[in-house]
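# Structural characterization, general
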Amino acid sequence: TGWDTDFSNVTSNLTVTATYQIKTYTVTFVDYDGTVLKTQTVEHGAAATAPADPSREGYTFAGWDVDFSNVTGNLTVTATYTENATYLKGDYDRNGVVNATDALLLLRAVMAGTEFTQEDIEICDMNDSGNLNATDALLILRQAMNA
């Protein structure tokens, strides 16, 4: 940004050193809808610090759309999300329809000793027992027959 010593009237040996100011940039973190979550000033080559993970109803925060670990210019960083899947209660094969196939597939999985995911349990635990068993398959079949 200049020199550390005035050299307009030199009368003896003089050491003059250039001085520099590091560039800074603005990093703006925004949500999916453009809402500003955080603005930060960052020195050239430094990393920005992200705000707390934002939330959005019906979605799961998936991360930020650009890298902000080595900032070399003004930057806008946008939150990204994945849509939460929603399934019908009892729709074991997750095809959007609850039918006898769901009941049979669940019964087959129960009989085979399948280890069920939390999502499987949430979708197919028809009697709210916290696990899946033949009773759930029967209740799915009953629901399918009454539809």
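Below or above, wherever it landed, is the structure these notes cover. In this text, all values refer to a predicted model and were calculated from it rather than measured experimentally.

### Section: the nonpolar core
If you look at the biggest cluster of nonpolar residues, it comprises 14 residues, and the most contacted ones within it are Tyr 92, Leu 106, Phe 116, Cys 124, Leu 132 and Ile 140. Of all elements in the fold, only α1 (100-111), α2 (118-124) and α3 (134-146) reach the threshold of two or more residues within this core. Broken down by element, this core gets its largest block of residues, four residues, from α1. If we skip the residues at most four places from it in the chain, Leu 132 touches Leu 106, Val 110, Phe 116, Asp 120, Ile 121, Cys 124 and Asp 125.

### Side note on the environment of Arg 108
Residue placement: Arg 108 occurs in helix α1. Spatially, the C-alpha atoms of Arg 108 and Ala 134 are 9.1 Å apart, while their sequence positions differ by 26 residues.

### Some words on the environment of Val 16
Summarising the element assignment, Val 16 is placed in the loop between β1 (2-3) and β2 (18-19). On the basis of relative accessibility, which here comes to 29%, the residue Val 16 falls in the partly exposed class. Between the C-alpha atom of Val 16 and that of Asp 4, which follows or precedes it by 12 residues, the distance is 6.3 Å. What Val 16 contacts, discounting residues up to four positions off in sequence, is Trp 3, Asp 4, Thr 5 and Phe 7.

### What about a nonpolar patch on the surface?
On the surface, a nonpolar cluster with roughly 420 Å² of combined accessible area is contributed by Trp 3, Phe 7, Val 10 and Leu 14. Locating Trp 3 in the fold gives a position in strand β1. A relative accessible area of 53% means that Trp 3 is categorised as exposed.

### Observations regarding the packing of aromatic side chains
Considering all chains together, one arrives at eight aromatic pairs under this definition. Between Phe 61 and Trp 64, the aromatic rings sit 5.2 Å apart at their centres with planes inclined by 65 degrees, giving edge-to-face as the arrangement. An aromatic cluster of three or more residues is present, and its members are Phe 29, Tyr 32, Tyr 59, Phe 61, Trp 64, Phe 68 and Tyr 81. The residue whose ring lies beneath Arg 56 is Tyr 32, and the NZ or CZ to ring-centre distance is 3.6 Å. Here the guanidinium or amino end of Arg 56 rests over the ring plane of Tyr 59, the centre of that ring lying 3.8 Å away.

The rules behind each value
- Residues numbered from 1 in each chain as written.
- Predicted model: local features only at pLDDT ≥ 70, side-chain atom pairs only at ≥ 80, totals over all residues.
- Heavy atoms only, no water.
- Core = buried A, V, L, I, M, F, W, Y, C linked by side-chain atoms within 4.5 Å.
- Buried < 20%, exposed > 50% of the residue type's maximum accessible area, 1.4 Å probe, protein only.
- Helix = DSSP H or I, 4+ residues; strand = E, 2+ residues; numbered from the N terminus.
- Contact = heavy atoms within 4.5 Å.
- Patch = residues over 30% accessible without salt bridge, like charges linked within 9 Å, V, L, I, M, F, W, Y side chains within 5 Å.
- Areas by Shrake-Rupley, 256 points an atom, 1.4 Å probe, with all protein chains shown as cover.
- Salt bridge = Lys/Arg side-chain N within 4 Å of Asp/Glu carboxyl O.
- Phe/Tyr/Trp six-rings, centres within 6.5 Å; stacked < 30°, edge-to-face > 60°.
- Lys NZ or Arg CZ within 6 Å of the ring centre and 35° of its normal.

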